[in-house]
Amino acid sequence: MNKRELLTRSLTGILIVGVTLAAIIYSPYSYLAFLSLIAFFGAREYFKLDLESPGSIVLNLIPFIFLTIILSAGYFLMRVQNPMILLILIPVMISLTVLIQLMSINGSEALVKKGKSVYSAASYILIPLLCGTLFLLHEYNYQYVLVPVILIWVNDVGAYLTGSLWGTKKIMPSISPGKSLQGTIGGGLLTVIVAFVLWKIWPDLSLPYLVLLAIATPFFAIAGDLWESALKRNAGVKDSGSILPGHGGIMDRYDSLLFVLPVAALAYYIFVL
């Protein structure tokens, strides 16, 4: 990596961190907008990885539907304060996407292929982000959202540093050659340490919530990372997109969040609400 590429990557990385922190901390509305944009751009990148044509109705319309569903779920959670809206929106979304496909696709084989792509995207992107709207119930406390985000970043840094120094045992070289057992262990240990530090900084946070995330984040984060790597390798591309100079696409930066966020939402529902 030359100096120009390093500078571009560094500046984009600072921007990603700044925007993420600002969106989570500023207000529940900025957090909801943050989730909605991940849903929109993440879905577009996913469908491109699934080799959808540029003019495809799936590529151009379904991401907008995902965005609308996240916005609607978050709005109703803040106004109605009832998590049942999440269970209702999922089958509504499925029915709506089937209706759109029936109106635009002629033939069972094409319909089934497109349907599998949409439902896979819904499972991978939409439903985890819907789980993320659960933090909008009652009084929004950004610290509970910030904890999993910080632990994901810490785990990535710890895994990278440890793996760079001592990473000899590769986990899945056919999918992600850089992932090592030593790096995974190092990332996990640093995650636990930082979770303890966060508890000291924010002593009012639920300790069981922090403990569960400290244990679960390294496993779910690497699962999300490896899944995204498998999708890109299957599509024959290096990055999921190009919206973030030097970093690739939205999914290249938030793939782990999609796997960790449902765990955080579950812990929040059990230990905090």
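Described in the following lines is the structure provided in the data block. (Residues numbered from 1 in each chain as written. Predicted model: local features only at pLDDT ≥ 70, side-chain atom pairs only at ≥ 80, totals over all residues. Heavy atoms only, no water.)

## Here's the deal with the overall build of the protein
Part 1 of the argument: On a plain count of helices and strands, the protein comes out with 9 helices and 0 strands.
Part 2 of the argument: From first element to last, N terminus to C terminus, the protein shows the α and β order α-α-α-α-α-α-α-α-α.
Part 3 of the argument: Computed over the C-alpha atoms, the radius of gyration of the protein is 19 Å, within 12% of the 19 Å expected from 2.2 N^0.38 for a compact globule of 273 residues.
Part 4 of the argument: Residue burial in the protein is summarised as follows: out of 273 residues, 47% are buried.
Part 5 of the argument: Looking at the protein as shown, the accessible area adds up to about 13,800 Å², and 70% of this sits on carbon and sulfur atoms.
Part 6 of the argument: In the protein, which carries 17 positive and 13 negative side-chain charges, the distance between the mean positions of the two groups comes to 5 Å. (Helix = DSSP H or I, 4+ residues; strand = E, 2+ residues; numbered from the N terminus. Rg over C-alpha atoms; globule rule 2.2 N^0.38 Å. Buried < 20%, exposed > 50% of the residue type's maximum accessible area, 1.4 Å probe, protein only. Areas by Shrake-Rupley, 256 points an atom, 1.4 Å probe, with all protein chains shown as cover. Lys, Arg positive; Asp, Glu negative; His and termini not counted. Charge placed at Lys NZ, Arg CZ, Asp CG, Glu CD.)

## Here we look at the side chain of Q143
Part 1 of the argument: With respect to the helices, strands and loops of the structure, Q143 is situated in helix α6 (residues 142-166).
Part 2 of the argument: Given a relative accessible area of 18%, Q143 falls into the buried group.
Part 3 of the argument: With near-sequence residues (within four places) excluded, Q143 lies in contact with W202 and L205. (Contact = heavy atoms within 4.5 Å.)

## Topic: the nonpolar core
Part 1 of the argument: Among the nonpolar cores identified, the biggest contains 75 residues, and Y31, F47, F66, L129, F135, V147 and Y209 are the most heavily contacted of them.
Part 2 of the argument: Here this core takes 12 residues from helix α9 (residues 250-271), the largest share from any one element. (Core = buried A, V, L, I, M, F, W, Y, C linked by side-chain atoms within 4.5 Å.)

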